[in-house]
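The residues making up each chain are set out below.
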Amino acid sequence: MLQRIDSEVRSKEAEGGQTLDPNDWRGLRAQAHYMMDDMLDYLEHIRERPVWQPIPAEVRARFHAALPSLPTQLAAAHEEFMREVLPYAGGNVHPGFMGWVQGGGTPVGMLAEMLAAGLNANLGGRDHMPIEVEQQIVRWMREIFGFPESASGLFVTGTSMANLIATVIARDVALGFEARVRGIVASGKRLTAYASNAAHGCVTRAMDISGIGSDALRLITTDGRGRIDLDLLEETIEQDRRAGFAPFLVVGTAGTTDTGAIDNLDELAEICARQKIWFHVDGAYGALAMLAPELAPRLKGLGRADSLAFDFHKWGQVPYDAGFLLVRDGVVHRKAFAASAAYLQREQRGISGGSSWPCDYGPDLSRGFHALKTWFTLKVYGTEALGKTIAGTCELARYLEERIAETTEIELMAAVELNIVCFRYRSAFFVEIREIESDHINREIVIELQESGSVAPSSTILRGRFCIRAAIVNHRTTRAEIEMLIEQTLALGRALESNYVSCLKTELN
Ligand SMILES: *Cc1c(COP(=O)(O)O)cnc(C)c1O
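A quick note: this is a predicted structure, and the numbers were derived from the prediction, not measured. (Residues numbered from 1 in each chain as written. Predicted model: local features only at pLDDT ≥ 70, side-chain atom pairs only at ≥ 80, totals over all residues. Heavy atoms only, no water.)

## A closer look at the pairing of strand S8 (residues 323-327)
Here is step 1: Of all the 5 residues making up S8, 5 are buried; the element is thus mostly covered by neighbouring parts of the structure.
Here is step 2: Of the strand pairs in this sheet, strand S2 (residues 152-156) and S8 are connected by 5 bridges, and their pairing is antiparallel. Counted as the bridge partner of Leu154 is Leu325 from S8.
Here is step 3: Two elements, strand S7 (residues 307-311) and S8, share 5 bridges in a ladder whose sense is antiparallel. Of the residues in S8, the one forming a bridge with Ala309 is Leu325. (Buried < 20%, exposed > 50% of the residue type's maximum accessible area, 1.4 Å probe, protein only. Helix = DSSP H or I, 4+ residues; strand = E, 2+ residues; numbered from the N terminus. Pairing = 2+ DSSP bridges.)

## Focus: the site of the ligand
Here is step 1: Contacts to the ligand come from 13 residues, most closely from Ser160, Asp282, Asp311, His313 and Lys314.
Here is step 2: At 2.7 Å from a nitrogen atom of the ligand is found a side-chain nitrogen or oxygen belonging to Asp282.
Here is step 3: Burial of the ligand by the surrounding chains reaches 86%, relative to a free accessible area of 380 Å². (Near = heavy atom within 4 Å. Polar contact = N/O pair within 3.5 Å; in protein donor to acceptor, adjacent residues only side chain to side chain. Areas by Shrake-Rupley, 256 points an atom, 1.4 Å probe, with all protein chains shown as cover.)

## So, the sheet that holds strand S1 (residues 97-98)
Here is step 1: Taking strand neighbours across the sheet as the criterion, the 5 strands line up as S1-S11-S12-S10-S9 in an open arrangement whose pairing is mixed. Every other strand in the sheet has two partners, leaving S1 and strand S9 (410-412) as the edge strands with one partner each.
Here is step 2: For strand S11 (residues 456-462) and strand S12 (residues 465-471), the ladder comprises 5 bridges, and the chain directions are antiparallel. Pairing of Thr460 across the sheet is with Cys467, part of S12.
Here is step 3: Contacts from helix H14 (residues 435-452) reach strand S10 (420-425), S11 and S12, with the element oriented near 25° to S12. (Contact = heavy atoms within 4.5 Å. Axes fitted to C-alpha atoms, helices over the stretch in contact; angles between N-to-C directions.)

## So, the state of the cysteines
Two cysteines, two sulfur atoms, one covalent bond between them: this is a disulfide.
Here is step 1: In total, this model carries 0 disulfides according to the counting rule given.
Here is step 2: A disulfide-free cysteine, Cys467 has its sulfur positioned 5.6 Å from the sulfur of Cys422, the nearest such atom. (Disulfide = S-S within 2.5 Å.)

Below, the structure written as structure tokens:
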């Protein structure tokens, strides 16, 4: 056994060191508590703030300051953060935020991030407990989604990355793993993939980045409820085969970004089994609906997927970023990414033990401890409460739908499947307002709502028409924000419209 370094030698060596630790731990401790209290105050009193506000030019300009070569007091840097960063955040923490599909975060998640940063763990690999925490989440996700024990799982930044990894695995399965060495062209196969035209844009990008090319992605028409047309899908697959293509991947969506539509996953699984094609599900935000017993049946067939991508940072309310990929056949997953390197030697004992490592399952070597904030969130709140908040956002969406039905000047633009409501303001007068003007008015409503700081929806285009889109994801949102959305949409719509009409009259006179 080696002698432990005695503390006298250690302290002598430390004297000459250039450590970044403080001399005055007590002072740091006091400052740390201020910083934490400020963030807890921020979360507790978030309702008293605007959802979002434009960044003043002088604030933006101050972030063009010179690179600091000399130190600044921590307290001063914190003060600058409080004054110049925090007030101009994106707004997704706020209950009035309904723009895009973004989670609200939680105080528990925030605290867990602090612990994770303190540990500064690198989850690329090796034998340490943070890896076990990640593996615990993998086991829990297998259970939630009905995946077998042989399934692998991996934290990634988000579903964009998870979809890309799944595409690469499916590609390698279709071409054989030698394609990793010889490239796609050497196989002589012309791969084709399939998703609905409501699939997320990152599916197209995954095709592009993986070298298959976005032209090889067939975007299949959706039905009246935004779901992939199954007959057309199978027809297109067979047509492609006859034309000499090699269909290799179908991406189903569980909760489309635009409208929250859920593809018929069970039927997609059936088609993929019949056609011998990899079945991937993009469940970025929708997959966690599995935690809500009233919603789970809508995801039937999800457990039959070859791979599933989803985010904890959306409906799961885990602070950014926390995406996840689950792959039914862990061996295939590993084969698509594992590589050997002398400096990543594995051992039976010591820190280099515990192989396989997470770096064998994706492109990242160094990886942060995404798992800890997720573990804390699942553990502290429990899946029941998380499921209830998910169901709660859908209930609010139905409430908004009802309010729209009662309001003649607002029309619903897509069926409400989950938590996303698309609508538009329409004419209160019997004047002929051209569609392009109507689009303009609705675009203005969205911008003015965002700038008002009260509620912040986003927008989308459905059937060629500009729509106001309320994606209710935040666990803090209540009926009060829904009412505000309706009232202010009406007020803004009426004002913009009468403005338009009076402009029209002056033009005519
Ligand atoms: C948000 C979303 C994505 C992208 O996920 P990120 O975590 O932002 O990378 C992909 N697909 C769908 C359906 C989404 O809603």
